[in-house]
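Each chain, letter by letter, is given below.
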Amino acid sequence: MTRGYAEIAATPLGGTPSRHGDREVLAAIVFVATSGCTWQQLPTASFGLSGATAHRRFSEWSKARVWAKLHRVVLDELGARGKLDWARCAIDSVNMRALKKGDLTGPNPVDRGKYGSKIHLITERTGLPISVGISGANLHDSQALIPLVKGIPPIRSRRGRRRRKPGKLHADKGYDYPHLRRWLRGRGITHRIARKGIESSQRLGRHRWTVERTMSWLAGCRRLHRRYERKADHFLAFTSIACTLICYRRLTK
């Protein structure tokens, strides 16, 4: 059947529409992440592509775990330049309100049961995120420690082999469980976890404040002020983009 004039005019010489370059699509996605605008609000005139196109590529890249790979590329460059300090790492989490119920959401025990998600982070000594994960808001922080430590990728070093193990790991009382201490010791990681009823979290806070500062840095990615995405991999994607931007800024200083 012969195509109509409108269909032919929509593509160059009646052929397949040209695919937008990765750089311009990435710029549009980063704009959505940092500005907090919706995909429909993306200024087409500035980026040369529609919000629907940017969202489609965002979904493709999220499914292919491109954002985690991009984070690792930046971490590798930081490690090769000797800008990662593995001596004292820290772990913590932050709650995010979920406006729409979706994967990996749950009732927030400290917010009247409103649904939300948690972002879990491990940072190196200066606060750069080296491992990130998400969960429902009702997941206890202690359950995220082992997956996060296992999730640290092998990162390049200035000299020698790749590294993926902290020297020490600092944590608050939410991680004070014997099986976690044993697990860390078994992997040669010195634990610095505040003990319930014995040690003050403030005492260990002089080393943990860096991860708390990193949590505030995540707010620079305005898309993370609330969880808008129903799909967990999309929420994790924006979290990974935020972590990558934090690391990239250190790289370009």
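Turning our eyes to something else, we now look at unusual backbone geometry. A negative phi holds for most residues other than glycine; trans holds for most peptide bonds. Despite not being glycine, Arg65 shows a phi value in the positive range, around 60 degrees. Residue position: Arg65 is located in the loop between α4 (51-63) and α5 (66-80).

On to the pattern of salt bridges. One pass over the full model with this rule turns up 7 salt bridges. One salt bridge in this structure joins Glu229 and Arg223, with 2.8 Å as the shortest N-O distance.

At a closest axis distance of 10 Å, the pairing of helix α2 (residues 22-35) and helix α9 (residues 232-251) adopts a crossing angle of 95 degrees. The orientation of α2 with respect to α9, classified from their angle, is roughly perpendicular. Residues Ile29, Val30, Val32, Ala33 and Thr34 of α2 form the contact with α9, whose own contacting residues are Phe238, Ile241 and Leu245. Along the lines of polarity and charge, the residues of the contact of α2 with α9 split into 7 nonpolar, 1 polar and no charged.

What you see with strand β6 (residues 190-193) is a clean split: His191 and Ile193 sit on the buried side and Thr190 and Arg192 on the side with no burial. Bridge analysis of strand β5 (residues 168-171) against β6 gives 4 bridges, and the strand direction is parallel. Bridging across to β6, Ala171 finds its partner in Ile193. Note on the crossover from β5 through helix α7 (residues 178-186) to β6: the handedness is right-handed.

Turning to the packing of aromatic side chains, a few remarks are in order. We describe a pair of aromatic rings using the distance from one ring centre to the other and the angle between the two ring planes. If you walk through the whole model with that rule in mind, you get 6 aromatic pairs. Pairing Trp61 with Trp67 gives two aromatic rings, centres 5.7 Å apart and planes at 70 degrees, and the pair type is edge-to-face. A relative accessible area of 14% places Trp61 in the buried class. Counting every residue linked through ring pairs, the aromatic cluster contains Trp39, Phe58, Trp61, Trp67 and Phe238.

Moving on to the packing of α2 against α4. Where α2 contacts α4, the axes come no closer than 10 Å and their chain directions differ by 95 degrees. What the angle tells us is that α2 and α4 run roughly perpendicular. Mapping the contact onto sequence places Asp22, Val25, Leu26, Ala28 and Ile29 in α2 and Ala54, Arg57, Phe58 and Trp61 in α4. Of the residues assigned to the contact of α2 with α4, the class counts are 7 nonpolar, no polar and 2 charged.

Conventions and cut-offs
- Residues numbered from 1 in each chain as written.
- Predicted model: local features only at pLDDT ≥ 70, side-chain atom pairs only at ≥ 80, totals over all residues.
- Heavy atoms only, no water.
- Helix = DSSP H or I, 4+ residues; strand = E, 2+ residues; numbered from the N terminus.
- Salt bridge = Lys/Arg side-chain N within 4 Å of Asp/Glu carboxyl O.
- Axes fitted to C-alpha atoms, helices over the stretch in contact; angles between N-to-C directions.
- Parallel < 35°, antiparallel > 145°, perpendicular 65-115°, else oblique.
- Contact = heavy atoms within 4.5 Å.
- Nonpolar A, V, L, I, M, F, W, Y, C, P; charged D, E, K, R; others polar.
- Buried < 20%, exposed > 50% of the residue type's maximum accessible area, 1.4 Å probe, protein only.
- Pairing = 2+ DSSP bridges.
- Right-handed = clockwise from strand over helix to strand, strands pointing away.
- Phe/Tyr/Trp six-rings, centres within 6.5 Å; stacked < 30°, edge-to-face > 60°.

All quantities given are derived from atomic positions and should not be read as evidence of function.
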